[in-house]
Amino acid sequence: VKCEMCGPAAACGGCPIASGFYLPTTLATLQPGERATVEKLVPEQSSDLRKLLGLGLMPGVDVEVERAWPAVVVRMGFQSVALDGALAAGVVVTR
Amino acid sequence: MRFMRFWSEREADGGVATADLAVVPAAACARWLLVGAPNVGKSALFGRLTGRYANVSNYPGTSVEISGGALAAAPDCVHVTDTPGMHALLAVTDEERVARRAVLDGSGTIIHVADASHLDYALPLTLQLLSLGRPLVLVCNLMDEARARGVAPDCAMLAERLGIPVVGTVATTGEGVDALIAAALAAAVPRDGWAQPRPFADVAQALDPAQPLAAELALAGDDDYARAAQARTPGRWCAALSARVAHWGDESAFAVALAMARRRMALALLDGVLPAAVPQRARAQRAIDRWLLGPVTGFLTVALVLYVGFYLFVGRFGAGTLVDWIERVVFGEWVNPVVQRAAALLPWAPLRDLVAGQYGLLTLGVRYAVAIVLPIVGTFFLMFALLEDAGYLPRLALLLDRGMKRIGLSGRAVIPLVLGFGCNTMATLVTRTLETKRERVIATLLLAISIPCSAQLGVVLGILSRTPMGLAVWALVMLGVFVAVGLGAARLMPGAAPTFYLELPPLRVPQARNVLLKTATRVRWYFAEIFPLFLLASVILWAGDLTGVLARATRLLVPLVRLLHLPDAAAAAFLYGFFRRDFGAAGLYDMAARGMLDAAALTTAAVTITLFIPCIAQFLVMKKERGLKVALSVLAAATTTAFVVGGLVGWAMRLAGGAA
């Protein structure tokens, strides 16, 4: 999980919510059935960014989470796409 | 000679981009290029336009190669090219690079094929293609689905806004295809200079006025184009970079900002073109998906598919009933007597042997190909096509992703690995859809060593049908080797963990026409591949037999075979195995049928021959796709594994047998 303020969670000692850091909602943290809008993309690597953009995931896009297991399945319009936890964690959303 | 030509042709049409694009029409010919996202019906449309059949599937990533053909309606003046699906011009996988090169480096009319239900996703690519300044047609395919969902776009309105022809089609029925041909023939260079969003266009134009699209890709962080731009115009590249950093920041920020700007343009263009419908997936689809992807029900379905589809249908019916019938009735009663009688008329004994002897063209080559291989391959590909057309394979990939990650692969690799049970050679080609070199090498290795192709599988099922114990041991050993090789390779090969992403096509009831066409195409491909090899193997074995070389070569293998406690005659079977693994397995099948092998020996032989070196065809494809070094390493690994594991299994079984 990436932290909004300090990048990878490990870099700031695990980003404890209690300490006041903001732990963002991502596609990986949503429950099946929840709808959200993509807010920003914070992928681990630039090649992951291309994959997300290629799938049509970019800020402003509305998604609905269909499944959280065995991987995250999100629906955009009539298209469903599956992404694993690592990719899904790079998509910050607002409910 | 024929054989050599056969192989050099295969190499040519299998090669990446450069070789593929070399298959060009005459100079006067117009060229059409089909481009679009995966799974929107490009290949089906290609089939409609050319009358040729490219592989059409309900899963992404079937057209791993570029295929070309003449337009059926006007064969002399239009050449149509199909490309692998690409999500965006910023490529991730090799197949996307192949498609992109075809678009950016090619010439002629571009036909962008889009899913009519998902135009908001497709239109940004249309806008990118527009800035190429080449004739462009937008095809809204799958119009029937869009109409059923109430989201069919107003093509005429969109055409007016874009300034290019927009045609609605249903590729599977042929609806709208004539209109598409007319539109593409008349397509002119569209008005330019508006499709690239403004501030981005200025920077891109400054970097490369001739190819602003390539400039845009370079600035968005595409290594190929960035290097090219830097090498060609270093001064401009520096200026463009500093402009980018000042405006947007790094390449990722630029790529996201550009993608969002294009999306806003697309949504503005689509305003009023699309009816205001709320997209909702059918409830039945959701319920089936819940079942197919559930932790318990999902794996239950996998087990059921394996048992009914593969064990009962392919194993029992294909490899059992059909093989028996063709061998006994077709060859035993009809073909062989005629051939023997005809061969008896030949004047020279070796010539008689060449036709109908132990290693005869008809008695060995044709019989193995038609009686033993064809029924198994046919039933396997039929089953595979059914699952494919229903849309089950992407779900299988998704379900197995977590397990695959442990052996260094992503769920995507499930598709080539399953296809490998049909034909390893074909599957090795399909590993091109995997993202990293590491994944491609691991998948190649697993295919070469532990995935038996359907011909082997059938023959192994055949020889082990008498010993259920042996069959169980064989299956467990294969699974064990698969996991061990995967774990070992993932550990030994450096590289980042793979990521998994895949679009899930809607589940559909399989269409008889699609399924049969797919099966026929794959079987034809398989036969084009193996038939010459079977015949060649017959000839080589016949010549070797005639000259005594075969006996000497076999004697060389005898110590190895004895090491495995197999009868000496098995050496010959291993020698055939070099031509095709299934060919070797078929040799063992004959020995088992004559009662020369006991349970332990049968299992040893089955294990060894399954793990043994890949057939020549697979080796050649490995060499072409992965390079000689990887191919030779895989060969060495497979041979070692085969004899070591085979020997261990035989030893353990005899030990257990002796104790009991």
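Refer to the structure presented above.
Below is a summary of the structure that appears in this document.

A few points about the overall build of chain B
- For chain B, the helix and strand inventory stands at 30 helices and seven strands.
- Sequence separation of at least 24 residues holds for 75% of the intrachain contacts in chain B that already meet a minimum separation of 6.
- Carbon and sulfur atoms make up 66% of the accessible area of chain B, which totals about 26500 Å².

A short note on the overall build of chain A
- Tallying secondary structure elements over chain A gives two helices and seven strands in all.
- Put simply, chain A runs from its N terminus to its C terminus through helices and strands in the order β-β-β-α-β-β-β-α-β.
- Put simply, chain A has 95 residues, and 57% of those count as buried.
- Expressed as a percentage of contacts within chain A between residues at least 6 apart in sequence, the contacts between residues at least 24 apart total 54%.
- Total accessible area computed for chain A in this model is approximately 3700 Å², and 55% of it derives from carbon and sulfur atoms.

Digging into helix 5 (residues 119-130) of chain B
Residue and element names in this part refer to chain B.
- For helix 5, with twelve residues, the first-to-last C-alpha span of 15 Å sits near the 16 Å given by 1.5 Å per residue.
- For helix 5, a buried count of eleven out of twelve residues is recorded, marking the element as mostly surrounded by other parts of the structure.
- Within the span of helix 5, buried status applies to Leu119, Tyr121, Ala122, Leu123, Pro124, Leu125, Thr126, Leu127, Gln128, Leu129 and Leu130.

Things to note about the nonpolar core
- One finds Phe381, Leu409, Trp474 and Leu588 of chain B to be the most contacted residues of the largest nonpolar core, which totals 118 residues.
- Ranked by residue count, the leading element in this core is helix 17 (residues 361-390) of chain B, at 14 residues.
- By size, the runner-up hydrophobic cluster in this structure holds 88 residues, among which are Met58 of chain A together with Met86, Ala114 and Leu258 of chain B.

Re the layout of surface pockets
All names here are of chain B.
- Taken as a whole, the second largest pocket encloses approximately 1400 Å³ of empty space.
- In terms of lining, the second largest pocket is formed by 38 residues, of which the most central are Val302, Leu306, Phe421, Ile451 and Leu479.
- Looking at the lining of the second largest pocket, the element that brings in the most residues is helix 23 (residues 468-492), giving nine residues.
- Taken together, the residues that form the lining of the second largest pocket break down as 33 nonpolar, four polar and one charged.

Considering the interface of chain B and chain A
- Listed per partner, the contact involves 42 residues of chain B and 34 residues of chain A.
- When the two sides are added together, the surface that chain B and chain A hide from each other amounts to roughly 3400 Å², 62% of it contributed by carbon and sulfur.
- The interface formed by chain B and chain A contains four salt bridges.
- Between Lys405 of chain B and Asp84 of chain A there is a salt bridge, with the nearest N and O atoms lying 2.8 Å from each other.
- Our count for the contact surface shared by chain B and chain A stands at 14 residue pairs in polar contact (both at pLDDT 80 or more).
- Among the secondary structure elements, those contributing two or more residues to the side of chain B that touches chain A are helix 13 (251-270), helix 14 (283-293), helix 18 (392-406) and strand 7 (501-504) of chain B.
- It is helix 13 of chain B that provides the largest number of residues to the side of chain B that touches chain A, a total of seven residues.
- In terms of residue class, the side of chain B that touches chain A is built from 21 nonpolar, eight polar and 13 charged.
- Where strand 6 (residues 79-83) of chain A and strand 7 of chain B come together, four bridges link them in antiparallel fashion. The residue bridging Ser80 of chain A from the neighbouring strand is Leu504 of chain B, located in strand 7 of chain B.

So, the packing of aromatic side chains
Residue and element names in this part refer to chain B.
- Applying the stated criterion across every chain yields a total of ten aromatic pairs over all chains.
- Ring centres of Trp248 and Phe254 lie 5.1 Å apart, and the angle between their planes is 80 degrees; this geometry places the pair in the edge-to-face category. For the pair Trp248 and Phe254, one class covers both residues: buried.
- On the numbers, 5.4 Å between centres and 40 degrees between planes, the contact of Phe310 with Phe380 is tilted. Of this pair, Phe310 sits in helix 15 (residues 297-344) while Phe380 sits in helix 17, placing them 70 residues apart in sequence.
- Owing to a relative accessible area of 16%, Phe310 belongs among the buried residues under this scheme.

Some points on the pairing of strand 6 of chain A
Residue and element names in this part refer to chain A.
- For strand 6, the tally of buried residues reaches five of five residues, placing the bulk of the element in the interior.
- Pairing of strand 5 (residues 72-76) with strand 6 involves five bridges; the strand directions are antiparallel. Each bridged residue has a counterpart across the sheet, and for Arg75 the counterpart in strand 6 is Ser80.
- In this structure, the hairpin formed by strand 5 and strand 6 is closed by a connection of two residues, where Gly77 is found at a positive phi of approximately 60 degrees.

Brief notes about the environment of Asp324 of chain B
Residue and element names in this part refer to chain B.
- Following the sequence through the fold, Asp324 ends up in helix 15.
- In sequence terms Asp324 and Trp334 are ten residues apart; their C-alpha atoms lie 14 Å from each other.
- In contact with Asp324, other than residues within four places in its own chain, are Val329 and Tyr589.

A look at the packing of helix 9 (residues 198-207) of chain B against helix 12 (residues 234-247) of chain B
All names here are of chain B.
- Close contact between helix 9 and helix 12 brings their axes to 9 Å; oriented N to C, the two are set at 165 degrees. Taken together, helix 9 and helix 12 sit at an angle that is classed as roughly antiparallel. Crossing angle aside, the handedness with which helix 9 passes helix 12 is left-handed. Taken together, the residues of helix 12 that come into contact with helix 9 (itself represented by Val203, Ala206 and Leu207) are Arg236, Trp237, Ala240 and Ala243.

Quick word on the packing of helix 15 of chain B against helix 17 of chain B
Residue and element names in this part refer to chain B.
- Two elements in contact, helix 15 and helix 17, have axes separated by 9 Å at closest approach and are oriented at 155 degrees. By the criterion of interaxial angle, the relationship of helix 15 to helix 17 is roughly antiparallel. Crossing hand, helix 15 versus helix 17: right-handed.
- Taken together, the residues of the contact of helix 15 with helix 17 sort by class into 22 nonpolar, five polar and two charged.

Describing the side chain of Thr519 of chain B
- The topology assignment puts Thr519 of chain B in helix 24 (residues 512-547).
- Here the side chain of Thr519 of chain B touches Val515 of chain B through a polar contact of 2.6 Å, landing on its backbone oxygen.

Overview of helix 12 of chain B
Residues and elements named next belong to chain B.
- For helix 12, spanning 14 residues, the distance from its first C-alpha to its last is 20 Å, which sits close to the expected 20 Å at 1.5 Å a residue.
- Buried residues of helix 12: Trp237, Ala240 and Arg244, and no others. Summarising the axial view, the buried residues of helix 12 lie within an arc of 65 degrees, below the 170-degree limit, and thus occupy one face. Exposed residues lying more than 90 degrees from the buried face of helix 12 are Gly235, Cys238, Val245 and Ala246.
- Looking at the buried residues of helix 12, the elements they touch are helix 9, helix 10 (212-219), helix 11 (223-232) and helix 13.

Rules of the game
- Residues numbered from 1 in each chain as written.
- Chains lettered and ligands numbered in written order.
- Predicted model: local features only at pLDDT ≥ 70, side-chain atom pairs only at ≥ 80, totals over all residues.
- Heavy atoms only, no water.
- Helix = DSSP H or I, 4+ residues; strand = E, 2+ residues; numbered from the N terminus.
- Contact = heavy atoms within 4.5 Å.
- Areas by Shrake-Rupley, 256 points an atom, 1.4 Å probe, with all protein chains shown as cover.
- Buried < 20%, exposed > 50% of the residue type's maximum accessible area, 1.4 Å probe, protein only.
- Expected span 1.5 Å × (residues − 1).
- Core = buried A, V, L, I, M, F, W, Y, C linked by side-chain atoms within 4.5 Å.
- 1 Å grid on protein atoms, 1.4 Å probe; cavity = no way out; pocket = protein on both sides within 12 Å on 5 of 7 lines; lining within 4 Å.
- Points joined across faces, edges and corners; volume = space filled by probe spheres on them.
- Nonpolar A, V, L, I, M, F, W, Y, C, P; charged D, E, K, R; others polar.
- Buried area = accessible area lost by both parts, 1.4 Å probe.
- Salt bridge = Lys/Arg side-chain N within 4 Å of Asp/Glu carboxyl O.
- Polar contact = N/O pair within 3.5 Å; in protein donor to acceptor, adjacent residues only side chain to side chain.
- Pairing = 2+ DSSP bridges.
- Phe/Tyr/Trp six-rings, centres within 6.5 Å; stacked < 30°, edge-to-face > 60°.
- Axes fitted to C-alpha atoms, helices over the stretch in contact; angles between N-to-C directions.
- Parallel < 35°, antiparallel > 145°, perpendicular 65-115°, else oblique.
- Left-handed = near helix turned anticlockwise from the far one by under 90°.
- Arc of directions from axis to C-beta.

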